[in-house]
Amino acid sequence: MKAIRYTAFGGTEVIELADVEKPAITNPTDVLVRVKATAVNPLDMKIRSGMAQRIYPVQPPFIPGLEAAGIVEAVGDAVTQVKVGDAVMASAMGGTYAEYALFKEAAVSPKPERINFLEAASLVVSLGTAWSILVKVGEMKAGQRLLIQGAGGAVGGILVQMAKALGVYVIGTASGKGIDALKALGADEVIDYKSQDFAQLVSDVDLVADLVGGDVQARSFGCLKNGGRLVSITMPPSQELAQQHGVSASFVSSDLSRQGLQFGLDLLAKGKLKPIIAHTFKLEEAAQAQAMVSAGGVNGKVVLEVG
Ligand SMILES: NC(=O)c1ccc[n+]([C@@H]2O[C@H](COP(=O)([O-])OP(=O)(O)OC[C@H]3O[C@@H](n4cnc5c(N)ncnc54)[C@H](OP(=O)(O)O)[C@@H]3O)[C@@H](O)[C@H]2O)c1
């Protein structure tokens, strides 16, 4: 089968299109999918560069990719929730930039008919991440106030929609055309992080969703009300700062299971949430696709059309 892979860590120059062996079912809970579309995540580049080795160690040759949509080709003996021929969307720790990829049954959801394969692939990580931040860990309720740092990106666009559907008051930071994009998604306030200082403009929020990290994360503590919560998907927050501000803070690892996607898929079915595709590339253009995401200024998901 055709797959994108690299045999050494590095920049986009290590990315190659190769002919590799099709993966085979080896575990009773495996689901083999004929991939129609996959999508680019910032973690793909962190793994490719070698900088994520401490958290997500991989051994090149490695086929990147964390999310995909396609048709079930084969299933292990213990699989009961999906069958051969089903249209699905799924997550895995690598392997989706390929014509076929293996997934665990628990990470496979039926693809809703109202979205196509490109849209489905674009949603897996973002739906599971937004739900993990907002509901599973953030426990947000209607009327509460949320500050999203990095709201203009792929996760941010889905998080804004999910929060608005929950009745949450949303303040988002973004730049460039991301400002109008966020307003169109229903954000109540949008701050241009390149020309405005959020720390001067935001106070008393119940939850900060940190999609940026670094100094932005550290300075966001001051925006929380007493007893509020900061959740980060980029780096573990300082417990010392949390204590100083009288708030709680935690790192969130996204729940990308079928259960983790269900809340977002229900909103999609009700027409309260839509996929946001910024750009579509062919599988063989994976290097360009990754470079586009790394360059920034992309509002939504960059997807790869596979078959
Ligand atoms: N823990 C987990 O399970 C998990 C899951 C998913 C994602 N993540 C991580 O979460 C982060 C976001 O993911 P993503 O897919 O949404 O990435 P993305 O699409 O690249 O979006 C990142 C966004 O951050 C914005 N940004 C950069 N600097 C900023 C600043 N100082 N203030 C406000 N916004 C700023 C960018 O805006 P401009 O382009 O306008 O500069 C961009 O819109 C990545 O680091 C990713 O690895 C973690």
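None of the values given here were measured: they were computed from a predicted structure. (Residues numbered from 1 in each chain as written. Predicted model: local features only at pLDDT ≥ 70, side-chain atom pairs only at ≥ 80, totals over all residues.)

1. Description of the overall build of the protein
Short version of the rule: A run of DSSP states H or I qualifies as a helix once it reaches four residues; a run of E qualifies as a strand once it reaches two. Both are numbered from the N-terminal end. Using C-alpha atoms as the atom set, the radius of gyration is obtained and then compared with a globule rule of 2.2 Å times the number of residues to the power 0.38. Whether a residue is buried, exposed or partly exposed follows from its count of other C-beta atoms within 10 Å of its own C-beta, namely 20 or more, 12 or fewer, or something in between, respectively; the C-beta atoms are built from the backbone. Here, residues touch in the contact sense if the C-beta positions derived from the backbone fall within 7 Å of one another.
Helices and strands together make up the secondary structure of the protein, namely 9 helices and 15 strands. For the protein, whose C-alpha radius of gyration is 19 Å, the value lies close to the compact-globule estimate of 19 Å for 307 residues. Structurally, the protein occupies a C-alpha span of about 55 × 40 × 35 Å along its principal axes. Here the protein holds 307 residues, and 50% of them are scored as buried. Of the contacts made within the protein by residues no fewer than 6 positions apart, 63% connect residues no fewer than 24 positions apart.

2. Some remarks on the site of the ligand
Stated formally: The criterion for a residue being near a molecule or strand is simple: its C-beta atom, placed using the backbone, must lie within 6 Å of it. Three residue categories are used. Nonpolar comprises Ala, Val, Leu, Ile, Met, Phe, Trp, Tyr, Cys and Pro, charged comprises Asp, Glu, Lys and Arg, and polar comprises the others, including Gly. Each domain's limits were defined by an automated method or a database of domain assignments.
The immediate surroundings of the ligand are formed by 30 residues, with Gly 150, Gly 152, Gly 153, Val 155 and Ser 254 found nearest. Top contributing element to the shell around the ligand by residue count: helix 3 (residues 154–165), with 3 residues. Residues belonging to the shell around the ligand are distributed by class as follows: 14 nonpolar, 16 polar and no charged. Residues from two domains meet in the shell around the ligand; each of domain 1 (2–115 + 275–305) and domain 2 (126–251) gives at least three.

3. Observations regarding the nonpolar core
Most often, soluble globular proteins have nonpolar side chains that are buried together. Going by this rule: Defined on buried residues, the nonpolar core groups Ala, Val, Leu, Ile, Met, Phe, Trp, Tyr and Cys residues joined through C-beta atoms within 7 Å.
Counting residues in hydrophobic clusters, the biggest one holds 98 residues, and the most contacted among them are Ala 121, Leu 146 and Leu 159. Sorting elements by how many residues they give to this core places helix 2 (residues 117–137) first, with 12 residues. Residue assignment places this core across two domains, with domain 1 (2–115 + 275–305) and domain 2 (126–251) each supplying three or more. The contact partners of Leu 159, leaving out residues within four places of it in the chain, are Ala 130, Ile 133, Leu 134, Ile 148, Ala 151 and Ala 209.

4. Regarding the domain arrangement of the protein
With domains assigned, the protein is organised as domain 1 (2–115 + 275–305) and domain 2 (126–251). The gap between the C-alpha centroids of domain 1 and domain 2 is 28 Å. Taken residue by residue, the interface counts 5 residues in domain 1 and 8 residues in domain 2. The residue inventory of the side of domain 1 that touches domain 2, partitioned by class, reads 1 nonpolar, 3 polar and 1 charged.

5. Considering the packing of helix 2 against helix 8 (residues 258–269)
Let me state the cut-off plainly: The axes are straight lines fitted to the C-alpha atoms, using for helices just the contacting stretch, and the angles between their N-to-C directions are given from 0 to 180°. Just so you know how the angles are binned, under 35 degrees is roughly parallel, over 145 roughly antiparallel, 65 to 115 roughly perpendicular, and the rest oblique.
Interhelical geometry of helix 2 versus helix 8 gives an angle of 95 degrees and a closest axis separation of 8 Å. With respect to their mutual orientation, helix 2 and helix 8 come out roughly perpendicular. Every residue of helix 8 that contacts helix 2 at Val 124, Leu 127, Gly 128, Ala 130, Trp 131, Ser 132 and Val 135 is listed here: Gly 260, Leu 261, Phe 263, Gly 264 and Leu 265. In terms of residue class, the contact of helix 2 with helix 8 is built from 8 nonpolar, 4 polar and no charged.

6. Some thoughts on the sheet that holds strand 13 (residues 248–251)
Rule in force here: Paired strands, in this sense, are two strands between which DSSP finds at least two bridges.
Across the sheet, which stays open at both edges, the 6 strands sit in the order 10-9-8-11-12-13 with parallel pairing between neighbours. This sheet does not close on itself; its edge strands, each paired only once, are strand 10 (189–192) and strand 13. Strand-to-strand twist of the sheet, defined as the mean angle between neighbouring strand axes without regard to direction, takes the value 15 degrees. Relative to strand 10, strand 9 (residues 169–174) runs parallel, the two sharing 4 bridges. Across the sheet, the residue bridging to Thr 173 is Ile 191, located in strand 10.

7. With respect to helix 9 (residues 286–295)
Put simply, the rule reads: This arc is built from the directions going out from the helix axis to the C-beta atoms.
Restricting attention to buried positions, one finds in helix 9 the residues Ala 286, Ala 289, Gln 290 and Val 293. Down the axis of helix 9, the buried side of the element spans an arc of 95 degrees, and every buried residue falls inside it. Lining the buried residues of helix 9 we find strand 1 (2–5), helix 1 (42–49), strand 14 (277–282) and strand 15 (301–305). Positive backbone phi, approximately 80 degrees, marks Gly 296, located one or two places after helix 9.

8. Points about the pairing of strand 11 (residues 205–210)
Applied cut-off: With its strands directed away from the observer, a crossover is right-handed exactly when the path from the first strand over the helix to the second travels clockwise.
With respect to burial, strand 11 is a largely interior element, 6 of its 6 residues being buried. When strand 8 (residues 145–149) meets strand 11, the two strands line up parallel, connected through 4 bridges. Within the sheet, the bridge partner assigned to Leu 147 lies in strand 11 and is Val 208. In the sheet, strand 11 pairs with strand 12 (residues 224–232) via 5 bridges, with the strands oriented parallel. Bridging from a neighbouring strand, Val 208 pairs with Leu 230 of strand 12. Crossover strand 11 to strand 12 through helix 6 (residues 214–220) is right-handed.

9. Structural notes on helix 2
Defined as follows: What a helix is expected to span follows from its residue count: subtract one and scale by 1.5 Å. The bend reported for a residue corresponds to the angle between axes fitted to the seven residues ending at that residue and the seven starting there.
The end-to-end C-alpha distance of helix 2, which contains 21 residues, comes to 29 Å, matching closely the 30 Å that a straight helix rising 1.5 Å per residue would cover. Of all the bends in helix 2, the greatest, near 40 degrees, is centred on Leu 123. Across the 21 residues of helix 2, 18 count as buried, placing the element largely inside the fold.

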